[in-house]
There are 2 protein chains.
Amino acid sequence: MALRHAVLAALLDEELSGYQLTKAFDMGVANFWHALPQQLYAELAKLEQDGLIAGREVVQEARPNKRLFQVTAAGLAELERFAATATKPSFIRDDLLVKVQSADHVDTGALIAQLTERAAFAEAKIGLFDELLRKMRGDRSEQEYLRHGERIGPYLTCLRGLAFEQGNRDWCERAVTVLRERRSGSRPAVRTTVATQQPDGPE
Amino acid sequence: MALRHAVLAALLDEELSGYQLTKAFDMGVANFWHALPQQLYAELAKLEQDGLIAGREVVQEARPNKRLFQVTAAGLAELERFAATATKPSFIRDDLLVKVQSADHVDTGALIAQLTERAAFAEAKIGLFDELLRKMRGDRSEQEYLRHGERIGPYLTCLRGLAFEQGNRDWCERAVTVLRERRSGSRPAVRTTVATQQPDGPE
DNA sequence: CAGGAATAGTCATATCCATGAGTATCTAGG
DNA sequence: CCTAGATACTCATGGATATGACTATTCCTG
């Protein structure tokens, strides 16, 4: 029941259509959650059934009609309840880290390529976040906005997203440097592994 | 097929039992992945069936017998193949961020409590990671280890985990400061929401 | 005027992941 | 002696997530 609340939180600041939501939850600005269109449409349907959001049809001539969704009082209460429950710690879960973990046993050339790609991706998101933050601040300073700006929630999550991607970029660049240095220097140590069970005494 | 490779990567450096794996993959040192015992035992069984790991029974007298698993040549080849495939970008997915996103509309007292708790948790993991890195380095300097140390993979993922938790801690502390300042200062702006559908003209 | 991107949304399926409970043995503490 | 905790592992179930394919209309470009 996590996507549920992410959708509610996303609809707090503005009325959105399912399609607009999918844009917000995909690579674009998923600063606090990520989901695919199918999940979002399904979740919107459930949320509406449960009365936590209210949809209204908007007839359009230039393009297909759409339904805009707004959080109801019940939805806000549900979010309030959710915000008060204990939060489980969150963990990194990233294929790239799995690959780097095995750096001593696999080809580092491929790793370097992917770390470079990831660094570029992070850089792009950093740009997006920077721009987003500037837009929210307007002409105010960051300190000023943090104290008195409206919509502090989105601003804070955006700051986290920014820091996360900066961490990503810095780490990727460092890892690339390290792996390159090692390639040019000493040969990587490869441990051999067995192919079949070999019964053995206790350790 | 992600846990699969995470398990393989974890078994590269040392032969482990299922139980030891669960310890490594739970809060302790899940620097690159996280999983529950049930998933791990199931995955180990599948990996063994597929010949990617080999288990050997270790008879113990003081405690229940166990099975230690080792990566086979086929397993290493599978990891190699995996490491060469393109990596999807990874996204933050964190309940706490969802809650902070709705900070303008819910009680900030509860949020502050949870941010504080998360900061403490992050601090604890930072301590763990620091210790782990020191252990891996031994008496060498970090630069020295990065250049010539064995097991650079685990060291690099540990560095990422450390940076991630530092980012977590810093952000949580900052968010707490901001939310506290705002509480003592101005009253939070609460937007009202509707409870029923209200058909309306197009935007 | 043909083709592709963008808008707007849906269906089906398979795998992943989390939750909760349960088994059995041994050790250490009160 | 009794209980809690560590070791070592298993089963069942349901909800969350990812993948791939599909419908339909309109706008823009070549």
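Looking up chain A in an unreviewed UniProt entry gives the name PadR family transcriptional regulator, with the organism given as Streptacidiphilus cavernicola.

Residue and element names in this part refer to chain A. Viewed as axis vectors pointing N to C, helix α1 (residues 3-12) and helix α3 (residues 37-49) meet at an angle of 85°, and their least axial separation amounts to 10 Å. One way to sum up the angle between α1 and α3 is to call them roughly perpendicular. In this structure, α1 uses L3, R4, V7, L8 and L11 to contact α3, whose residues at the interface are Q39, L40, E43, L44, K46 and L47. A per-class count over the contact of α1 with α3 returns seven nonpolar, one polar and three charged.

Another point: the relation of the copies chain B and chain A. The transformation that overlays chain B on chain A combines an axial shift of 0.0 Å with a rotation of 180°, and the residual RMSD is 0.1 Å. Within this description, the copies of the chain are treated as partners about a two-fold rotation axis. Most of the interface of chain B is mirrored in chain A, where 100% of its interface residues again form contacts.

Bringing the environment of D95(B) into the picture now. Inspection of the secondary structure puts D95(B) in helix α5 (residues 95-101). Accessibility expressed as a relative area gives 17% for D95(B), which makes it buried. If we skip the residues at most four places from it in the chain, D95(B) touches A2(A), W33(A), F82(A), T87(A) and K88(A).

The next point concerns the interface of chain B and chain A. Contacts between the two partners involve 97 residues from chain B, matched on the other side by 97 residues from chain A. Taken together, both faces of the contact between chain B and chain A bury some 9,000 Å²; the carbon and sulfur share is 57%. The largest contributions to the chain B side of the interface with chain A come from F91(B), Q101(B) and R160(B), which together make up 9% of the buried area. Between R147(A) and E181(B) there is a salt bridge, and its shortest N-O distance comes to 3.6 Å. Applying the counting rule to chain B against chain A returns 34 residue pairs in polar contact (both at pLDDT 80 or more).

Time to look at α1(A). Across the 10 residues that make up α1(A), a large majority, 10, are buried. Within the span of α1(A), buried status applies to L3(A), R4(A), H5(A), A6(A), V7(A), L8(A), A9(A), A10(A), L11(A) and L12(A).

So, about helix α4 (residues 73-84) of chain B. Its 12 residues place the ends of α4(B) 17 Å apart at the C-alpha level, agreeing with the 16 Å of an ideal helix rising 1.5 Å per residue. Within the sequence span of α4(B), burial applies to G75(B), L76(B), E78(B), L79(B), F82(B) and A83(B). One side of α4(B) holds all its buried residues, which, seen down the axis, span an arc of 155°. Residues of α4(B) that are buried in the fold lie against α5 (95-101) and α6 (108-137) of chain A together with α1 (3-13) and β3 (66-71) of chain B.

Our focus in this paragraph is the environment of V100(B). For V100(B), the location among the structural elements is in helix α5. The sequence separation of V100(B) and L111(B) amounts to 11 residues, and the corresponding C-alpha distance is 7.0 Å. Sequence-distant contacts of V100(B), defined by excluding residues within four places in its chain, comprise G153(A), L156(A), T157(A), L111(B), L115(B) and W171(B).

Right, let's get into the sheet that holds strand β1 (residues 16-17) of chain B. Residues and elements named next belong to chain B. On the basis of which strands lie adjacent, the open sheet formed by three strands has the order β1-β3-β2 and antiparallel pairing. Only two strands of the sheet have a single partner each, and these edge strands are β1 and β2 (53-58). As paired strands, β2 and β3 are joined by six bridges and run antiparallel to one another. Each residue of the ladder has a partner; that of V58, found in β3, is K66.

Here we come to the sheet that holds strand β3 (residues 66-71) of chain A. Residues and elements named next belong to chain A. On the basis of which strands lie adjacent, the open sheet formed by three strands has the order β1-β3-β2 and antiparallel pairing. Strand pairing shows two members of the sheet lacking a second neighbour, β1 (16-17) and β2 (53-58), which therefore form its edges. Here α3 sits on the sheet in contact with β2 and β3, set at roughly 110° to β2.

The side chains of a regular strand alternate between both faces of the sheet. Residues and elements named next belong to chain A. Among the six residues in β3, five count as buried, and that is most of the element. Pairing of β1 with β3 involves two bridges; the strand directions are antiparallel. Counterpart to S17 in the pairing with β3 is L68.

Here we take up the packing of α6(A) against helix α8 (residues 152-184) of chain A. Residues and elements named next belong to chain A. Direction vectors running N to C along α6 and α8 enclose 155°, while the axes themselves pass 8 Å from each other. On the basis of their axis angle, the class for α6 and α8 is roughly antiparallel. The element α6 and its partner α8 pack so that their crossing is left-handed. Its residues assigned to classes, the contact of α6 with α8 shows 20 nonpolar, six polar and 10 charged.

This part covers the pattern of salt bridges. Using the criterion set out here, one finds 30 salt bridges over all chains in the structure. The partner of R4(B) in a salt bridge is D50(B), and the shortest N-O contact between them spans 2.4 Å. Of this pair, R4(B) sits in helix α1 while D50(B) sits in the loop between α3 (37-49) and β2, and the two are 46 residues apart along the sequence. Taking the relative accessible area as the measure of exposure, D50(B) reaches 45% and is therefore partly exposed. Through salt bridges with shared partners, one network takes in R4(A), E43(A), K46(A) and D50(A).

What counts and what doesn't
Residues numbered from 1 in each chain as written. Chains lettered and ligands numbered in written order. Predicted model: local features only at pLDDT ≥ 70, side-chain atom pairs only at ≥ 80, totals over all residues. Heavy atoms only, no water. Axes fitted to C-alpha atoms, helices over the stretch in contact; angles between N-to-C directions. Helix = DSSP H or I, 4+ residues; strand = E, 2+ residues; numbered from the N terminus. Parallel < 35°, antiparallel > 145°, perpendicular 65-115°, else oblique. Contact = heavy atoms within 4.5 Å. Nonpolar A, V, L, I, M, F, W, Y, C, P; charged D, E, K, R; others polar. Least-squares fit on C-alpha atoms with pLDDT ≥ 70 in both. Buried < 20%, exposed > 50% of the residue type's maximum accessible area, 1.4 Å probe, protein only. Buried area = accessible area lost by both parts, 1.4 Å probe. Salt bridge = Lys/Arg side-chain N within 4 Å of Asp/Glu carboxyl O. Polar contact = N/O pair within 3.5 Å; in protein donor to acceptor, adjacent residues only side chain to side chain. Expected span 1.5 Å × (residues − 1). Arc of directions from axis to C-beta. Pairing = 2+ DSSP bridges. Left-handed = near helix turned anticlockwise from the far one by under 90°.

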